Amino acid sequence: MQFTGKVAGLVQDYSTGTFTISFTVNERTAVMSGYDSIKSLDKLDIKAVKHREKRSLDANAYAWVLMSKIADSMGTSKEEIYEEMLRRYGVLYEDEDGYITVTVSNKVDMSKVYGHWFLVRESEKFKAYAMIKGSSQYDTKEMSHFIDGIVSEAKTLGIETLAPIELEQMKAGWNHE
């Protein structure tokens, strides 16, 4: 049984030293039907954690479906298309000091360095790269822009995409923390 809610109280039985934690629960029906199946069990695994909205897998799954179709039409891998889409429509990592960048010798193969990289500057001896966030770290606005870019690329290649209203509903459902 799993539900959302919040802690309502804590009581200690001083004769046994045990605690009883009570919760107010949002999913009344789920709790009512689930309670009977657990009430007679001797021992339960209990875990209470801060609630986080689940991200919409529809938005992420749809992005991957389109990138797979783009890859098929271009004769490449979906992973290569993902990296290209990140470079075109992704979001650079940024902290309080600015964008996260690295400068390396021209001889360094950045495909062997963990992360997603965007070439920003090149000289005779060195290359400078900015790090791109992976799409799983995007907020709703960033994911919306990312999907819009992928949809645009797909349409250019004649790949069928969802209707605009369906796209908007799916993007609105993206909520990742």
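Here we summarise the structure given alongside this text.

Once that is clear, we can look at a negative patch on the surface. A surface patch of like charges, here negative, comprises Glu 94, Asp 95, Glu 96 and Asp 97. When you line up the elements, Asp 97 lands in the loop between β3 (94-95) and β4 (98-99).

With that settled, the discussion passes to the pairing of strand β2 (residues 19-25). As paired elements, strand β1 (residues 5-12) and β2 share seven bridges and run antiparallel to each other. Bridge assignment links Gly 9 to a residue of β2, and that residue is Ser 22. Hairpin connection, β1 to β2: the antiparallel pair is bridged by six residues, and Gly 17 has positive phi, about 80°.

This brings us to the packing of helix α4 (residues 140-156) against helix α5 (residues 164-172). Close contact between α4 and α5 brings their axes to 9 Å; oriented N to C, the two are set at 145°. The chirality of how α4 crosses α5 is right-handed. Residues Thr 140, Ser 144, Ile 147, Asp 148 and Val 151 of α4 form the contact with α5, whose participating residues are Leu 167, Met 170 and Lys 171.

A word on the sheet that holds strand β7 (residues 126-132). The sheet built from three strands is open, its strands ordered β5-β7-β6 with antiparallel pairing. Taken across any chain shown, the strands that pair with only one partner, and hence form the sheet edges, are β5 (101-105) and β6 (116-122). When the angles between neighbouring strand axes are averaged without regard to direction, this sheet yields 35°. Bridge count between β5 and β7: five bridges; the pairing is antiparallel. Counted as the bridge partner of Val 102 is Tyr 129 from β7. Relative to the sheet, helix α3 (residues 78-89) contacts β6 and β7, its axis offset from that of β6 by approximately 55°.

What counts, and at which threshold
Counting restarts for each chain, with residues numbered from 1 along the sequence as it is written. Side-chain atom pairs in this predicted model are given and counted only at pLDDT of 80 or more, local residue features only at pLDDT of at least 70, and totals for whole chains, interfaces and linings cover all residues. To get the side-chain values, all heavy atoms of the structure are used, and hydrogens and water are removed first. Here, patches come from residues exposed beyond 30% relative accessible area and free of salt bridges, joined within 9 Å for like charges and within 5 Å for nonpolar side chains (Val, Leu, Ile, Met, Phe, Trp, Tyr). Computed by Shrake-Rupley with a 1.4 Å probe, the accessible areas treat only the displayed protein chains as cover when residues are assessed. When a carboxyl oxygen of Asp or Glu lies within 4 Å of a side-chain nitrogen of Lys or Arg, that pair is called a salt bridge. Charged residues are defined narrowly, with Lys and Arg counted positive, Asp and Glu counted negative, and His plus the chain ends left uncounted. Where a charge lies is defined by one atom per residue type, namely NZ (Lys), CZ (Arg), CG (Asp) and CD (Glu). Numbering goes from the N terminus for both helices and strands, where a helix is a DSSP run of H or I of at least four residues and a strand is a run of E of at least two. Only strands that DSSP links by at least two bridges are regarded as paired with each other. Geometry is summarised by axes, namely lines fitted to C-alpha atoms with helices restricted to the contacting stretch, and by angles between N-to-C directions that run from 0 to 180 degrees. Here a crossing is taken to be left-handed if its near helix is turned anticlockwise relative to the far helix by less than a right angle, and right-handed if that turn runs clockwise. Two residues qualify as a contact provided that any one of their heavy atoms is within 4.5 Å of a heavy atom in the partner residue.

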